[in-house]
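# Commentary on secondary and tertiary structure
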Amino acid sequence: MSTVVRLVIMYVFIVAGLRVLGKREFSQLSPLELVTLLLVPEIASQAILGEDFSLTNAVIALSALFTLVFISTLLRFHFGRLNRVIEGTPTVLVHDGLMYGRQMELERVSEGEVFAEMHKSGLSALDEVEWVILEPDGRMAVIPKQQETVPPEDTEAL
Amino acid sequence: MNESVAFGRRGGQRDPRIIDAEPPSPPSPPLQGKLWRFYRHQMVGIPLLLIITIAAMAGLFGDTESTTTKTEGDLEARLVVPNRFRFKMIGPLTLKVTNRGRDPIEATMVRISRPYLEEFSNVRFSPAESHISGEWHVFELGEIAPGDSVVITGEIQAESFGAHRGSIEVQSDDTIIELEAETWAFP
């Protein structure tokens, strides 16, 4: 009983903690973030398993964990509001050539990082960008502006 | 969730292409009503995981002790052993021998089967056994006055998994009490 209770507490605490840290921590890891994520399982495993290192205890803890994960994903899929609470929502950093400073400060994304992502997509100027969206998994999606296509008859005229 | 607080002051000039307005909503996916749909292996596996979790919460895999009390003539023996416990966990093995009669009981002796104790590690008793004789750990308790009790307090640690069965005998001048111990050690 105590193993399951300890696991549930730690699961909720870790999910909530990572959610508070923000999207950035899931993607590009700085040394500080890496250390944090390496320490979390070390601390959590002691809290969950205690002094009981038996196979039985591990099977119980993993069963409870897998059940929790499955139920979480199931509820997340069926209830959009819950998904937004657990996963978060995408954040628009750039739209139509304009950077949204408040969102960048909230997500701790610098102008340089946005440009680095733009460069990977072959873009060099903000004017070329339709959207830069920070997705809930921490990755940036860069969508270029649609090129204005010249109708075929106009091409012939040229 | 989207409310925020800000601290500090921006230094230097700000590029006019950076604004503080609320951005428009990003492109959103089309929506559909959802069914609860599962693979067949999930229909088996998930209830199984749930059963293990619920069984653990109900204490089915937890440590338990069993207590057996037997009386023969003036001699009473009360045995407490782990009924089930997990690998490397320590459980009690306690035997209380009481004289329920009006006369002292001479030469009381307790024997615990050796093969049973060999299934465990860190076996400790207080008082310690007097000697090991053949298949038995022997405790010579001597005389027990009327109404008095002698307690052998022990600890055993789960080592090999499975069901371990053993006998415990309490013997005085003319009386023998036989007790059965059964302990399940989970891996």
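For the structure, check the block above.
One structure accompanies this document, and this report is about it. Everything numeric in this text was worked out from a predicted model, so none of it was measured.

How each quantity is defined
- Residues numbered from 1 in each chain as written.
- Chains lettered and ligands numbered in written order.
- Predicted model: local features only at pLDDT ≥ 70, side-chain atom pairs only at ≥ 80, totals over all residues.
- Heavy atoms only, no water.
- Phe/Tyr/Trp six-rings, centres within 6.5 Å; stacked < 30°, edge-to-face > 60°.
- Helix = DSSP H or I, 4+ residues; strand = E, 2+ residues; numbered from the N terminus.
- Buried < 20%, exposed > 50% of the residue type's maximum accessible area, 1.4 Å probe, protein only.
- Lys NZ or Arg CZ within 6 Å of the ring centre and 35° of its normal.
- Contact = heavy atoms within 4.5 Å.
- Polar contact = N/O pair within 3.5 Å; in protein donor to acceptor, adjacent residues only side chain to side chain.
- Buried area = accessible area lost by both parts, 1.4 Å probe.
- Salt bridge = Lys/Arg side-chain N within 4 Å of Asp/Glu carboxyl O.
- Axes fitted to C-alpha atoms, helices over the stretch in contact; angles between N-to-C directions.
- Parallel < 35°, antiparallel > 145°, perpendicular 65-115°, else oblique.
- Left-handed = near helix turned anticlockwise from the far one by under 90°.
- Nonpolar A, V, L, I, M, F, W, Y, C, P; charged D, E, K, R; others polar.

All right, on to the packing of aromatic side chains then. Following the criterion strictly, the structure yields six aromatic pairs over all chains and no others. When the ring of Phe70(A) is compared with that of Phe38(B), the centres are 6.0 Å apart and the planes differ by 35°; the resulting orientation is tilted. A residue pair is termed interchain when its members come from two chains, as with Phe70(A) in helix α3 (residues 55-78) and Phe38(B) in the loop between β1 (18-19) and α1 (40-57). Among the residues examined, Phe70(A) registers a relative accessible area of 15% and is labelled buried. With centroids separated by 5.1 Å and ring planes inclined at 80°, the aromatic side chains of Phe125(B) and Phe139(B) adopt a geometry described as edge-to-face. Separated by 14 residues along the polypeptide, Phe125(B) in strand β6 (residues 120-126) and Phe139(B) in strand β8 (residues 136-144) bring together distant segments of the chain. The exposure class of Phe125(B) is buried, given its relative accessible area of 12%. Linked through ring pairs, Phe85(B), Tyr116(B) and Phe120(B) together constitute an aromatic cluster. For Lys34(B), the ring lying beneath its charged end belongs to Phe77(A), and the centroid distance is 5.2 Å.

To continue, consider the environment of Arg14(B). As for its placement among the helices and strands, Arg14(B) is situated in the segment before β1. Arg14(B) has contacts with Gly101(A), Ile19(B) and Asp20(B), leaving out every residue within four places of it along the chain. Looking at Arg14(B), its side chain comes within polar contact range of the side chain of Asp20(B), at 3.0 Å.

In this section: the interface of chain A and chain B. With 37 residues of chain A at the contact, the number on the chain B side is 34 residues. Carbon and sulfur atoms supply 69% of the area buried between chain A and chain B, which totals about 3,300 Å² over both sides. Inspection of the chain A/chain B interface yields two salt bridges. Among the ionic pairs, Asp52(A) bridges to Arg86(B), the shortest N-O distance being 2.7 Å.

So, on to the packing of α3(A) against α1(B). As a packed pair, α3(A) and α1(B) sit with axes 8 Å apart at the nearest point and diverge in direction by 125°. Comparing the axis directions of α3(A) and α1(B) gives the class oblique. Along this stretch, α3(A) crosses α1(B), giving a crossing that reads as left-handed. Of the residues in α1(B), those touching α3(A) at Ile60(A), Ser63(A), Ala64(A), Phe66(A), Thr67(A) and Phe70(A) are Gln42(B), Ile46(B), Leu49(B), Leu50(B), Ile52(B), Thr53(B) and Ala56(B). Per-class residue counts for the contact of α3(A) with α1(B) are nine nonpolar, four polar and no charged.

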